[in-house]
Amino acid sequence: MSSSGPKHPSNGPAAAHPSPLNDNTEGDSEQMPDWWKSPQHPFLKLLFQGLCLISVSWPSLEHHWESKINQDAWDVHKRLVCGRLRNSNIIGGLLLTASAVFISTPPPLPSFMAYTAVGPYFLALVSFSHALGSILSGTVVILVYESCDRMWAKNVITADRFRLYVTLFFLASPGLSLGLSITALLLALLVAVFSSGLLWLQILAGLEVLTWVWPIPVYLYCAIPPKKPLNQEHPGKSSTGTVGRNNPIGNNAAPGV
């Protein structure tokens, strides 16, 4: 009878167990967590949709969740986010220059547009500060987002509801600061125009404001999905009657078919 020798432990490297931070396996069937879903309260749901729309350009996070469970979708998502933030930094630089001109240069015609008054000058300073904040926050988000991988973004910075909302706010902060900067600079110009006392200039400024304001609510209305699908059929109505009434094949069909 042959006896086997004692088994010695292997000196080779032990099999590494996958960690939630370095496991790059893709699971397209993984369900989206509950904290990624929209709140049930109508007001909180509206705020959540607005935050998602500004941060990831979608009114919900279903499309954003796909980038956390698929590597190709994550690469596309990261490239789009970083490209959008770079464009935001370019616009922020233009606003920074424009607001710096208004706060450092006296008006050539003070009676025409006195933007060095207290109100317009303060709004120009607000525009300058938010443009600078947009550039700084956008640059920081780009540096962090380009260096993180998919699993770290999934299991660390979006691990719970608080971290998810903070991450969305950081992604939205350059756009929010940019919007505040544009709004403050427009208000500074409007206050300066309406303080001039020139009626024709005030009318032109009012018409110009209307051309800038109306696309915002229209875009928000078109971007947020309706509560009821428009192509949903009414209950109790069948489409067979329409086919038999309008379709010549249905009219010529034999009885009983």
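Residues numbered from 1 in each chain as written. Predicted model: local features only at pLDDT ≥ 70, side-chain atom pairs only at ≥ 80, totals over all residues. Heavy atoms only, no water.

1. A short note on the pattern of salt bridges
Within this structure, the stated rule accounts for three salt bridges. For Glu146, the salt bridge goes to Arg86, with nearest N and O atoms at 2.2 Å. Of the two residues, Glu146 sits in helix 4 (residues 118–147) while Arg86 sits in helix 3 (residues 71–104), which places them 60 residues apart along the sequence. For Glu146, a relative accessible area of 39% puts it in the partly exposed group. Taking relative accessible area as the criterion, Arg86 reaches 38% and is therefore assigned partly exposed. In this structure, Asp160 and Arg163 form a salt bridge, with 3.9 Å as the shortest nitrogen-oxygen distance. (Salt bridge = Lys/Arg side-chain N within 4 Å of Asp/Glu carboxyl O. Helix = DSSP H or I, 4+ residues; strand = E, 2+ residues; numbered from the N terminus. Buried < 20%, exposed > 50% of the residue type's maximum accessible area, 1.4 Å probe, protein only.)

2. Some thoughts on the environment of Ser104
Along the polypeptide, Ser104 turns up in helix 3. The spatial distance from the C-alpha of Ser104 to the C-alpha of Tyr121 is 9.7 Å, given a sequence separation of 17 residues. At 2.5 Å, the side chain of Ser104 and the backbone oxygen of Ala100 are in polar contact. (Polar contact = N/O pair within 3.5 Å; in protein donor to acceptor, adjacent residues only side chain to side chain.)

3. Re the packing of helix 6 (residues 161–194) against helix 7 (residues 199–213)
At a closest axis distance of 9 Å, the pairing of helix 6 and helix 7 adopts a crossing angle of 155°. Accordingly, the angle class assigned to the pair helix 6 and helix 7 is roughly antiparallel. The crossing of helix 6 and helix 7 is left-handed. On the side of helix 6, the interface is formed by Leu190, Val193 and Phe194, while helix 7 contributes Leu201, Gln202, Ala205 and Val209. Counted by class, the contact of helix 6 with helix 7 contains six nonpolar, one polar and no charged residues. (Axes fitted to C-alpha atoms, helices over the stretch in contact; angles between N-to-C directions. Parallel < 35°, antiparallel > 145°, perpendicular 65-115°, else oblique. Left-handed = near helix turned anticlockwise from the far one by under 90°. Contact = heavy atoms within 4.5 Å. Nonpolar A, V, L, I, M, F, W, Y, C, P; charged D, E, K, R; others polar.)

4. Here we look at the packing of helix 4 against helix 6
Viewed as axis vectors pointing N to C, helix 4 and helix 6 meet at an angle of 165°, and their least axial separation amounts to 7 Å. Here helix 6 runs roughly antiparallel to helix 4, going by the angle between their axes. By crossing handedness, the relation of helix 4 to helix 6 is classed as left-handed. Taken together, the residues that form the contact of helix 4 with helix 6 break down as 18 nonpolar, nine polar and no charged.

5. Describing the nonpolar core
By size, the foremost hydrophobic cluster in this structure holds 23 residues, and its most contacted members are Trp36, Cys52, Val56, Leu61, Tyr145, Leu168 and Leu171. Secondary-structure elements contributing two or more residues to this core are helix 1 (42–56), helix 2 (62–69), helix 3, helix 4 and helix 6. When sequence neighbours within four positions are dropped, the list of residues in contact with Trp36 reads Phe48, Leu61, His64, Trp65, Lys68, Thr158 and Leu164. (Core = buried A, V, L, I, M, F, W, Y, C linked by side-chain atoms within 4.5 Å.)

6. Some words on the UniProt feature "transmembrane region" (unreviewed entry) in the protein chain
The sites that carry the UniProt feature "transmembrane region" (unreviewed entry) are, in the present numbering, residues 88–109, 121–145, 166–193 and 199–222. A helix fraction of 100% and a strand fraction of 0% characterise residues 121–145, whose end C-alpha atoms lie 36 Å from each other. (UniProt positions renumbered as here; feature names shortened; annotations may be inferred.)

7. A look at the packing of aromatic side chains
With the rule as written, the count across this model stands at five aromatic pairs. Here Phe48 and Tyr165 contribute two aromatic rings whose centre-to-centre distance is 5.9 Å and whose plane-to-plane angle is 50°, an arrangement assigned as tilted. Here Tyr165 lies in helix 6 and Phe48 lies in helix 1, a separation of 117 residues in the sequence. By relative accessible area, which is 4% here, Phe48 ends up buried. A relative accessible area of 26% places Tyr165 in the partly exposed class. (Phe/Tyr/Trp six-rings, centres within 6.5 Å; stacked < 30°, edge-to-face > 60°.)

8. Side note on helix 6
Residues spaced three or four apart along an α-helix face the same direction, because each turn holds 3.6 residues. If you check helix 6, its first and last C-alpha atoms are 46 Å apart, about what 34 residues at 1.5 Å a residue would give, namely 50 Å. With a side-chain oxygen positioned 3.4 Å from the backbone nitrogen of Phe162, the residue opening helix 6 is Asp160. (Expected span 1.5 Å × (residues − 1).)

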